[in-house]
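For reference, the chains in residue letters:
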Amino acid sequence: MRRRGSSSNSAGKFAMAFLAPAIVLLGALVVYPIFYTAIRSLFDARGSFNAGANYVDMFTQADTLGAILHNIIWVLVAPIVCTVLGLVFAVLSERVKWKTAFKLIVFMPMAISMLAAGVIFRSVFQENPKVGVANAIAVTVHDAFAPSSSYPGAQPRPNADIVKTDGAVRSKSAVQAGETVDFPLVAIQAGTFEKGDPVATKAPAAKATQITGTVWSDFVLGGGGTPNQLGDGKNSLIRVTVEALPAGSTKAAATALTDDHGRFTLSGLDPGTSYTVELPSSNFREPFNGVPWLGPQLINVVVILSYVWIWAGFCMVMVGSGLTAIDRSLLEAARTDGANEWQVFSRITVPQLAPVLVVILVTLIINVLKIFDLVYVIPPGTSKPAANVIAVQMWNVSFGGGNDQGLGSALSIFLLVLVLPAIILNVRRFRSQR
Amino acid sequence: MTIDTGSVKAPRTLAQRILGFLGHGVVHVVLIIVAVIWLVPTVGLLVSSFRTSTDSAGSGWWTAFLKPAQLTFENYASLVSDTAALGALGNSLLITLPTTILVVVIGSLAGYALSWIEFRGRDWVLIGIIVLLAVPLQVAFIPVAGLFRSLGIFGSVIGVVLFHTAFGLPFAVFLMRNFFGQVPAELLEASRLDGASEWRIFTRVVLPLGLPAVASSRSSSSSGPGTTCSSR
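All values reported here derive from a predicted model rather than from experimental measurement.

Visitor: Looking at this structure, how should I read the overall build of chain A?
Guide: Helix and strand counts for chain A stand at 13 helices and 10 strands. Whereas a compact globule of 434 residues would reach a radius of gyration of roughly 22 Å, chain A reaches 34 Å, over 25% beyond that. Counting only C-alpha atoms and orienting by the principal axes, one finds that chain A spans roughly 115 × 70 × 40 Å. Burial statistics for chain A: of 434 residues in total, 40% are counted as buried. Counted over contacts in chain A with a minimum sequence separation of 6, partners at least 24 positions apart contribute 71%.

Visitor: Would you mind showing me how to read the overall build of chain B here?
Guide: Across its full length, chain B carries 12 helices and 0 strands. Secondary structure of chain B in N-to-C order comes out as α-α-α-α-α-α-α-α-α-α-α-α. Evaluated residue by residue, chain B yields a buried proportion of 29% over its 232 residues. Within chain B, counting contacts between residues at least 6 apart in sequence, those at least 24 apart form 70% of the total.

Visitor: Could you clarify how one ought to interpret the nonpolar core in this entry?
Guide: Side chains that are nonpolar tend, in soluble globular proteins, to be buried together. Residue and element names in this part refer to chain A. Core analysis: the largest hydrophobic core is formed by 119 residues, its most contacted members being Val308, Ala312, Cys315 and Val375. If you tally residues by element for this core, the top one is helix α7 (residues 299-325), at 16 residues. Dropping the residues within four chain positions of it, Ala312 is found in contact with Cys82, Leu85, Gly86, Phe89 and Val106. Formed by 30 residues, the second largest nonpolar core is a distinct cluster that contains Phe183, Ala200, Leu230 and Phe284.

Visitor: It is not clear to me how helix α13 (residues 405-433) of chain A should be interpreted in this structure. Could you clarify?
Guide: Every α-helical turn comprises 3.6 residues, leaving residues that sit three or four positions apart pointing alike. Helix length check: α13 of chain A (29 residues) gives 41 Å between terminal C-alpha atoms against 42 Å at 1.5 Å per residue, within 8%. At Val419 of chain A, α13 of chain A shows its largest kink, close to 40 degrees, and the proline Pro421 of chain A lies no more than four residues downstream.

Visitor: Mind showing me how you'd approach the interface of chain B and chain A here?
Guide: Think of interface size as the accessible area that goes away when the parts come together; that is how it is often given. Taken together, the contacts link 58 residues of chain B with 66 residues of chain A. Elements with a contribution of two residues or more to the side of chain B that touches chain A: α2 (14-48), α6 (83-116), α7 (122-133), α8 (138-151), α9 (157-181), α10 (185-193) and α12 (223-229) of chain B. For the side of chain B that touches chain A, the element with the highest residue contribution is α2 of chain B, accounting for 13 residues. Across the side of chain B that touches chain A, the residue classes break down as 42 nonpolar, 12 polar and 4 charged.

Visitor: Please clarify how the domain arrangement of chain A should be interpreted in this entry.
Guide: The assigned domain composition of chain A is domain 1 (43-135 + 293-433) and domain 2 (155-283). A C-alpha centroid distance of 56 Å is found between domain 1 of chain A and domain 2 of chain A.

Visitor: Where do I start with the pairing of strand β7 (residues 241-246) of chain A in this structure?
Guide: Regular strands place their side chains on alternate faces of the sheet. Residues and elements named next belong to chain A. As judged from the 4 bridges shared by β7 and strand β8 (residues 254-257), these two strands associate in the antiparallel manner. Paired with Val242 across the bridge in β8 is Ala256. Taken together, the 4 bridges between β7 and strand β10 (residues 274-279) define a ladder with antiparallel strand orientation. Directly across from Pro246, in β10, lies its bridge partner Tyr275.

Visitor: Looking at this structure, how should I read the UniProt feature "transmembrane region" (unreviewed entry) in chain B?
Guide: All names here are of chain B. Following the UniProt record, one finds the feature "transmembrane region" (unreviewed entry) at residues 21-40, 93-117, 124-145 and 151-175. The distance separating the terminal C-alpha atoms of residues 124-145 is 29 Å; by composition the span is 82% helix and 0% strand. Here residues 151-175 runs as 80% helix and 0% strand, with 31 Å between its end C-alpha atoms.

Visitor: Looking at this structure, how should I read the environment of Val175 of chain A?
Guide: All names here are of chain A. Within the secondary structure layout, Val175 lies in strand β4 (residues 175-176). For the pair formed by Val175 and Ala247, sequence separation is 72 residues and the distance between their alpha carbons is 9.2 Å. Apart from the residues within four sequence positions on either side, Val175 is in contact with Val181, Ile211, Ser274, Tyr275, Thr276 and Val277.

Visitor: Explain unusual backbone geometry here, please?
Guide: What you tend to see is this: most non-glycine residues have negative phi, and most peptide bonds are trans. Residue and element names in this part refer to chain A. The phi torsion at Ala51 lies on the positive side, around 45 degrees, for a residue other than glycine. Structurally, Ala51 can be placed in the loop between α1 (10-40) and α2 (53-60). Since 10 C-beta atoms lie within 10 Å of it, Ala51 is described here as exposed. A positive phi angle is found at Arg239, which is not glycine, with a value near 50 degrees. Mapped onto the secondary structure, Arg239 falls in the loop between β6 (211-217) and β7.

Visitor: When you look at the sheet that holds strand β1 (residues 155-156) of chain A in this model, what are you seeing that I'm missing?
Guide: Sheet strands line up and pair through hydrogen bonds in the backbone, either parallel or antiparallel. Residue and element names in this part refer to chain A. Reading across the sheet, the 4 strands line up as β1-β5-β6-β9 and stay open at both edges, with mixed pairing between neighbours. Strands with a single pairing partner mark the edges of an open sheet, and in this sheet they are β1 and β9 (263-266). Bridging between β1 and strand β5 (residues 183-186) involves 2 bridges; their strand directions are antiparallel. Its bridge partner lying in β5, Pro156 is registered against Leu185.

Visitor: What is the right way to look at the packing of α2 of chain A against α13 of chain A in this model?
Guide: Packed helix pairs are specified by the crossing angle of their axes together with the interaxial distance, meaning the distance between the axes. All names here are of chain A. At their nearest, the axes of α2 and α13 sit 9 Å apart, and the two run at 75 degrees to each other. As summarised for this structure, α2 and α13 are arranged roughly perpendicular, according to the angle between their axes. On α13, the residues that touch Asn54, Tyr55, Asp57 and Met58 of α2 are Gly406, Leu407, Ala410, Leu411 and Phe414. Partitioning the contact of α2 with α13 into residue classes produces 6 nonpolar, 2 polar and 1 charged.

Visitor: When you look at the packing of helix α3 (residues 62-93) of chain A against helix α12 (residues 390-398) of chain A in this model, what are you seeing that I'm missing?
Guide: All names here are of chain A. α12 packs onto α3 with a crossing angle of 155 degrees between their chain directions and a minimal axis gap of 8 Å. On the basis of the axis angle, α3 is roughly antiparallel to α12. Facing α3, whose interface residues are Asp63, Thr64, Ala67, Ile68 and Asn71, α12 presents Ile390, Val392 and Gln393. The residue makeup of the contact of α3 with α12, split by class, is 4 nonpolar, 3 polar and 1 charged.

Visitor: Any chance you could explain the confidence of the model for chain B here in plain terms?
Guide: Low-pLDDT stretches of the model should not have their predicted coordinates read in fine detail. Residues and elements named next belong to chain B. Averaged over all residues, the pLDDT of chain B is 80; the fraction at 70 or higher stands at 85%. For chain B, α12 is the element with the lowest average pLDDT, namely 36, and α6 is the one with the highest, namely 89. pLDDT under 50 marks residues 219-232. Its contacts with residues more than four places away, or in other chains, come to 25 contacts. Taken together, the chains of this predicted complex give a pTM of 0.76 and an interface ipTM of 0.76.

Conventions adopted
Residues numbered from 1 in each chain as written. Chains lettered and ligands numbered in written order. Predicted model: local features only at pLDDT ≥ 70, side-chain atom pairs only at ≥ 80, totals over all residues. Helix = DSSP H or I, 4+ residues; strand = E, 2+ residues; numbered from the N terminus. Rg over C-alpha atoms; globule rule 2.2 N^0.38 Å. Buried ≥ 20, exposed ≤ 12 C-beta atoms within 10 Å, placed from the backbone. Contact = placed C-beta atoms within 7 Å. Core = buried A, V, L, I, M, F, W, Y, C linked by C-beta atoms within 7 Å. Expected span 1.5 Å × (residues − 1). Bend = angle between axes of the 7 residues up to and from the residue. Nonpolar A, V, L, I, M, F, W, Y, C, P; charged D, E, K, R; others polar. Domains from an automatic or database assignment. Pairing = 2+ DSSP bridges. UniProt positions renumbered as here; feature names shortened; annotations may be inferred. Axes fitted to C-alpha atoms, helices over the stretch in contact; angles between N-to-C directions. Parallel < 35°, antiparallel > 145°, perpendicular 65-115°, else oblique. pLDDT = per-residue confidence, 0-100.

Here's what the structure looks like:
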């Protein structure tokens, strides 16, 4: 330990004078509250002693228990993800010329308040793909691989000889080659047809190896028309896939698309076999409207992602300052000895950075345990219980309507207990440095 | 010419060079993708701030790139003319500025005492500070609310400033102690031999030498108070 300075009698007085403002503030607003809260946690909402009942409540009530569980998820996931990303970003950015610009971009979210970040991420993950960028991308990618259908939700006309099973519409009775099967469908979404759209017409008679038919919307806007019958200006369903399945098989013997007038011709069929004619479910699939990011199932993923967005920059900068301190000659020596980049990274860089990584992890774990702002802002009302954490629950219980300061105190003391290992680790590290 | 430098500088085979270029290219591509992902949310917010609320409700901000006519200063105009928003901005300053000043002043006083004045129990005070570093803000909500209510400063700017100063102090004290510790000991010894008082040494020697570092540490964390007070 460095010993210097005057050890005269007046030193203590001076020290007290210098320390007094800090000690008064910390004592009144941090230390005293800890003891007050610890004692308060043993009393109920109205202030009468209940000897630990708050702590029993905390671990038995579903919402507080849920908050504790979510905090555990946070602690297990968020610090590790941030640190790993920070490490990767720091090491990779060393290899490009624009590393300063890159670091600036990734570090920038640290300068944005948590509250604003919450607002930003809530808009990014809006469910409506027209507004939320995440779902806009999800829908674009999805539709590139599985285009949405033209006639979602279409149903067979109840009295026709067709039936809908597993999303596909198929003929009820067996069909022989040379016959004609018609598909009158209803419940086509409004707005599918416009005035002047092509009208369905009767399919030509089938040859011996063919099955023909028409697919149409069996509904006339404004009423009129005979059910199950063509005509009266009924619209055709165009470019609908039609398959002929031999009886008992799921493999199509022939496939066709309907033309502008709803007509299809399945050819190359065996005259002796019975077939089921099917319009596969791909014709009627509901359009993909994006992922419900802000729903209860995914809300924790989204909130943790926004946390990572903010804190990965911090980790990157910390690792970066650690990188400048490591022994470069070791890296060079390893490369000369023929180690590849991955070996250099995993065997030399990471072990040398280990102390820095521990500091980052401890800092983030403390930070994550206290997480409040993001969880308070991002989840919409219905998802709030699924995202709840201790700090938010503590707030809700004691101020936001619950008005049970006993339970609130117990929750914050529990938070303090969770932070204790990190405190002990910090103190130990401090003492070993002396 | 390029061929010349290539043949002189790179004694590697063509295959190695292609591999090296590809490896480098992959790093570039990965970093560009990361940078774009990190930028998109902020850019979205920025572009949205130039669109009307009806536009924002009906379509994504990226449509503004196709239809730049959507862009407008309307939001900023209404922000400047909105007294409530300006008041909030004023409050932010009223809270952030005094908090920063108090944290720096009180923190550097304590940091000086902990790094340069020899007194009994110094290590214990320091350990106390380290312990307080990790204390969650939430622990203090209930008692401080009661305390401030009885003092009549609950919900006032003074209350928020005091609360944030207190919770900013442990980190500040710790940081200042480390900065001030790096000031050469000879300077202090010389001043003490010349009979300078502790206060004089603090204001004339240690503070000027440590202040640049202090300033940089504060500016980088100045979003801190604003960040937390708005939600609490």
